[in-house]
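Topology and contacts: notes
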Amino acid sequence: MAEPAIPYGRKTQREPAVKVVNVLWITAGLSCDGDSVSITAATQPSIEDVLLGAIPGLPKVRLHNPVLAYANGDEFLKAWYAAREGRLDPFVLVVEGSIPNEKIKAEGYWAALGTDKATGQPIPTCTWIDWLAPRALAVVAVGTCATYGGIHAMQGNPTGAMGLPDYLGWDWKSKAGVPIVCVPGCPVQPDNFMETLLYLLYQVAGLAPMIPLDEALRPRWLFGQTVHEGCDRAGYYEQADFAQEYGSPKCIVKLGCWGPVVQCNVGKRGWMAGLGGCANAGGVCIGCTMPGFPDKFMPFMDMPPGAQLSSTAVLTYGRTVRALRKFTQGSMNQEPEWRKRQ
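A quick note: this is a predicted structure, and the numbers were derived from the prediction, not measured. The numbers attached to residues start from 1 for each chain and follow its sequence in the written order. Thresholds applied to this predicted model are a pLDDT of at least 70 for local features of residues and 80 or more for the giving and counting of side-chain atom pairs; totals over whole chains, interfaces and linings are not thresholded and use all residues. To get the side-chain values, take all heavy atoms of the structure and skip hydrogens and water.

Turning our eyes to something else, we now look at a nonpolar patch on the surface. Only residues above 30% relative accessible area that lack a salt bridge enter a patch, with like-charged residues linked at up to 9 Å and the nonpolar side chains Val, Leu, Ile, Met, Phe, Trp and Tyr linked at up to 5 Å. In short, Shrake-Rupley with a 1.4 Å probe defines the accessible areas, and a residue's cover is counted only from the protein chains shown. Whenever Lys or Arg places a side-chain nitrogen within 4 Å of a carboxyl oxygen from Asp or Glu, that contact is recorded as a salt bridge. A cluster of nonpolar side chains, namely Val37, Val67 and Leu68, defines an oily patch on the protein surface of about 220 Å² accessible area. Structurally, leucine 68 can be placed in the loop between strand S2 (60–64) and helix H4 (73–84). Relative accessibility under 20% of the residue-type maximum defines a buried residue, over 50% an exposed one, and the middle range a partly exposed one, all with a 1.4 Å probe and only protein chains included. Relative accessible area serves as the criterion here: at 36%, leucine 68 is assigned to the partly exposed category. The way it works is that DSSP assigns letters per residue, a run of H or I at least four long becomes a helix, a run of E at least two long becomes a strand, and they are numbered from the N terminus.

So, in structure tokens, the structure goes:
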């Protein structure tokens, strides 16, 4: 009997270095679960593509996320205990929500996941991170709360909240030598996270080099440019044509937009299927992908200090350029004389 034909593409694909990777996703930090909800809108790749094996070269991926899981209670936590005991290897740990400081209170806990059967007490989120981070191939902080503390870490907060790099240490590395990977956003842009996870899975499979990160531990290819550099409104800024009220298509820097200094690609990438995004939809950028958010960007909706200087400096140049372009535009809207009927 002749052997069945094998598609040529399958012959050329390398087998992944590992067959199965688990993704343990903690949502028990201080957060709203908005990042878990956000990633369900991803399309490049979608979470379904990753979990159902639609992407060539990837190992089989099993996701353990309490927001998206069918299992609950002790049944859901079986994988977590297995990971703690070294029986769920390899796995990638994803942390959502800021990390509270459990050492600054007299009693109780700030955040927890599951119950310790020996004591009957909740297991603090920090304890799970302490147990699992050293065993993970990679640790990913998803959303601004997990990356840099976010809203919960504002000055004066009672929980001592912080981001994962402040909790584990900015120089921390996994057992595979991977630094903490931060994908900020409030919530995270869905494709930004799924693309980062895809890269890490290819790295686990031996098909990608070490993930390139910037000084804030963000993927360089996603956060290397400012909102302004990819914004549809940037041309108006160059011409000193600023919006004076919401609803205008012009540059909104005078309405409080921090786009010229904030590293984020949402203006260019959009939010879902290339559509939306803060400035694209008329909202000012408030800097949620930056480690200084929110304290250094408040009060929101006020013009950033640097915007006053830069917008004034560009005013004379911009108006002149705009006038010259109008003149040239008028000329270009006229056909050459030789095309007219004589």
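Moving on, we come to the packing of aromatic side chains. Only the six-membered ring of Trp is used, alongside the rings of Phe and Tyr, when aromatic pairs are assigned; centres must lie within 6.5 Å, and planes under 30 degrees apart are stacked while those over 60 apart are edge-to-face, with the rest tilted. Inspection of the entire model under this criterion finds ten aromatic pairs. Look at tryptophan 128 and tryptophan 131: their rings are 5.1 Å apart centre to centre, the planes differ by 85°, and that puts the pair in the edge-to-face class. Of this pair, tryptophan 128 and tryptophan 131 both sit in helix H5 (residues 125–132), three residues apart, roughly one helical turn. Judged by its relative accessible area of 0%, tryptophan 128 falls in the buried class. Where tyrosine 148 meets tryptophan 170, the ring centres are 6.2 Å apart and the plane angle is 5°; that geometry is what we call stacked. With tyrosine 148 in helix H6 (residues 143–148) and tryptophan 170 in the loop between helix H7 (164–168) and strand S7 (181–183), the pair connects residues that are 22 residues apart, well separated along the chain. Residue tyrosine 148 is classed as buried on the basis of its relative accessible area of 7%. Classification of tryptophan 170 by relative accessible area gives partly exposed; the value is 34%. A cation over an aromatic ring shows up here: arginine 84 above the ring of tryptophan 131, its NZ or CZ 3.7 Å from the ring centre. In our convention, an over-ring charge means Lys NZ or Arg CZ found within 6 Å of a ring centre and within 35 degrees of that ring's normal.

Another aspect to go through is the sheet that holds S7. A pair of strands is considered paired only if DSSP assigns at least 2 bridges between the two. An order of S2-S1-S3-S6-S7 is seen for the five strands of this open sheet, with the pairing classed as parallel. Pairing within the sheet leaves two strands with one partner each, and these edge strands are S2 and S7. Strand-to-strand, the axes of this sheet are offset by a mean angle of 20°, without reference to chain direction. Here a residue-residue contact requires only that any non-hydrogen atoms of the pair lie within 4.5 Å. Fitted lines through C-alpha atoms serve as axes, helices being fitted only where they are in contact, and the angles separating the N-to-C directions of these axes extend from 0 to 180 degrees. Its contacts with the sheet place H4 against strand S1 (20–26), S2 and strand S3 (91–96), and it is angled at close to 110° to S1. Across the sheet, helix H8 (residues 190–204) lies against S1, S2, S3, strand S6 (138–142) and S7, angled at about 160° from S7, the strand it touches most.

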